[in-house]
Amino acid sequence: MLENLTTEARNERTMRLDEMEVTELLTVMNEEDAKVAGAVKEEIPKIAQAVTAITESLKKGGRLIYMGAGTSGRIGLLDAVECPPTFGTSPDQVVGLIAGGSNAFIKAVEGAEDRAELGRTDLQNLGLTAKDAVVGIAASGRTPYVIGGLEYAKQVGAKTISISCNKNAVISTISDIAIEIENGPEVLTGSTRLKAGTSQKLVCNMLSTASMIGLGKVYGNLMVDVQPTNEKLADRAKRIVMEATGCDASTAENTLRLAEGKPKPAILMILTGCSYEVALEKLEENQGFIGKAAKSASAIR
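Draft legend 1. Looking closely at the nonpolar core. Ranked by size, the top nonpolar core spans 29 residues in total, and within it I54, Y66, V135, I163, I179, V203 and L207 carry the most contacts. Those elements that place two or more of their residues in this core are α2 (36–41), α3 (44–59), β1 (64–68), α4 (70–87), β3 (133–137), β4 (159–164), β5 (177–180) and α8 (195–214). Examining the composition of this core, we find that six residues originate from one element, α3, more than from any other. Apart from the residues within four sequence positions on either side, V135 is in contact with I54, L64, I65, Y66, M67, I161, I163 and L207. L233, A266, M269 and A279 belong to the second-largest nonpolar core, a separate cluster that totals 23 residues.

Written as structure tokens, this is what we have:
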């Protein structure tokens with residue numbers, strides 16, 4: 001029952017929310033938001049398990065698939081669409097599904113989240129396989145769309161992970177790995193776009209970033225697979241090469257030109273003096289990890 005969920009409970013600190021002066025209201029919101037990171041921290045062991053499972057799926061050629069409804073679906077979709085420019089992934093490697101389809105990102109599709117069969121159908125349309133990892137996101141932990149999707153994913157043999165904001169959530173009983181973040185009642189009763197949404201975004205940040213690190217898409221703390229698809233990102237790619245190698249701007253620009261704009265092989269070329277072709281070969285042999293590839297390339301010089 002909804003009334004038994006923490007996400008639906010009334011917050012004792014905001015019982016007179018409509019009477020508060022603006023600064024007092026914002027202070028309370030800020031103090032409540034400050035609790036979110038601590039609540040997420042409690043779930044790091046489960047988040048770590050999820051990262052391991054997702055990384056294994058991606059290494060096998062599987063996909064990371066987020067699914068949710070409303071705010072939860074938008075958060076998963078947002079994380080998915082940021083992966084190609086940040087990590088150089090293909091658009092179909094990290095996927096976001098939202099109940100009601102992509103149009104539901106900007107306009108609510110009434111009733112879509114209440115249909116478990118839609119969750120199943122959306123995953124079937126993606127051609128879900130046992131190689132994939134499905135992350136079901138639902139603040140309440142009981143959204144039918146997510147339940148239907150996770151149940152189908154279990155049948156297929158895909159790895160299943162859930163993110164909810166209530167303990168003993170329904171989706172937790174379906175998932176291989178259940179992440180339950182207890183943020184306490186919302187400032188505005190039941191408005192899970194607030195603390196619940198913030199905590200879900202933090203977890204998705206962790207899942208995608210840590211998984212991509214596990215795939216060799218980071219060197220130090222640099223996003224070396226960034227796609228320079230606009231002026232800002234092209235400048236960032238140049239600065240990444242400079243930071244990674246200690247070279248000057250001219251060398252970075254020239255090497256990036258030879259490396260077809262890709263920072264990762266450009267870095268390896270500067271570090272080892274190898275050609276673009278050898279850089280690509282060594283990166284492939286070493287699963288994309290620059291450090292390992294540099295040792296390999298240096299060994300053949």
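Continuing now.
Draft legend 2. Just the pattern of salt bridges, in detail. On inspection of all chains with the given rule, the structure shows 16 salt bridges. Salt-bridge contacts for E32 lead to R13; the nearest nitrogen and oxygen are separated by 3.2 Å. Of the two residues, E32 is situated in helix α1 (residues 22–33) and R13 in the segment before α1; the sequence distance between them amounts to 19 residues. Between R16 and E24 there is a salt bridge whose closest N-O contact spans 2.4 Å. In the salt-bridge network here, residues are joined through shared partners; they are R13, E31, E32, K35 and K195.

Draft legend 3. The arrangement of the sheet that holds β1 in detail. A sheet is described by the order of its strands in space; here five strands give the open sequence β2-β1-β3-β4-β5, paired in parallel fashion. Taken across any chain shown, the strands that pair with only one partner, and hence form the sheet edges, are β2 (94–98) and β5. Between one strand and the next, the sheet's axes are offset by a mean angle of 15°, whatever the strand orientation. When β1 meets β3, the two strands line up parallel, connected through five bridges.

Draft legend 4. Layout of the pairing of β4. Counting buried positions along β4 yields five of six residues, so the element is predominantly enclosed. Following the backbone out of β3, through helix α6 (residues 144–156) and into the adjacent parallel β4, one traces a crossover that is right-handed. Here four bridges tie β4 to β5, and the two strands are oriented parallel to one another. Counterpart to I163 in the pairing with β5 is I179.

Draft legend 5. Representation of the packing of α4 against α8 in the model. Interhelical geometry of α4 versus α8 gives an angle of 30° and a closest axis separation of 10 Å. By the criterion of interaxial angle, the relationship of α4 to α8 is roughly parallel. Between α4 and α8 the crossing geometry is right-handed. Along its contact with α4, which presents T71, S72, I75, L78, D79, C83 and F87, the element α8 presents G197, Q200, K201, C204, N205, S208, T209 and M212. Here the residues of the contact of α4 with α8 sort into six nonpolar, seven polar and two charged.

Rules used in this analysis
- Residues numbered from 1 in each chain as written.
- Predicted model: local features only at pLDDT ≥ 70, side-chain atom pairs only at ≥ 80, totals over all residues.
- Heavy atoms only, no water.
- Core = buried A, V, L, I, M, F, W, Y, C linked by side-chain atoms within 4.5 Å.
- Buried < 20%, exposed > 50% of the residue type's maximum accessible area, 1.4 Å probe, protein only.
- Helix = DSSP H or I, 4+ residues; strand = E, 2+ residues; numbered from the N terminus.
- Contact = heavy atoms within 4.5 Å.
- Salt bridge = Lys/Arg side-chain N within 4 Å of Asp/Glu carboxyl O.
- Pairing = 2+ DSSP bridges.
- Axes fitted to C-alpha atoms, helices over the stretch in contact; angles between N-to-C directions.
- Right-handed = clockwise from strand over helix to strand, strands pointing away.
- Parallel < 35°, antiparallel > 145°, perpendicular 65-115°, else oblique.
- Left-handed = near helix turned anticlockwise from the far one by under 90°.
- Nonpolar A, V, L, I, M, F, W, Y, C, P; charged D, E, K, R; others polar.

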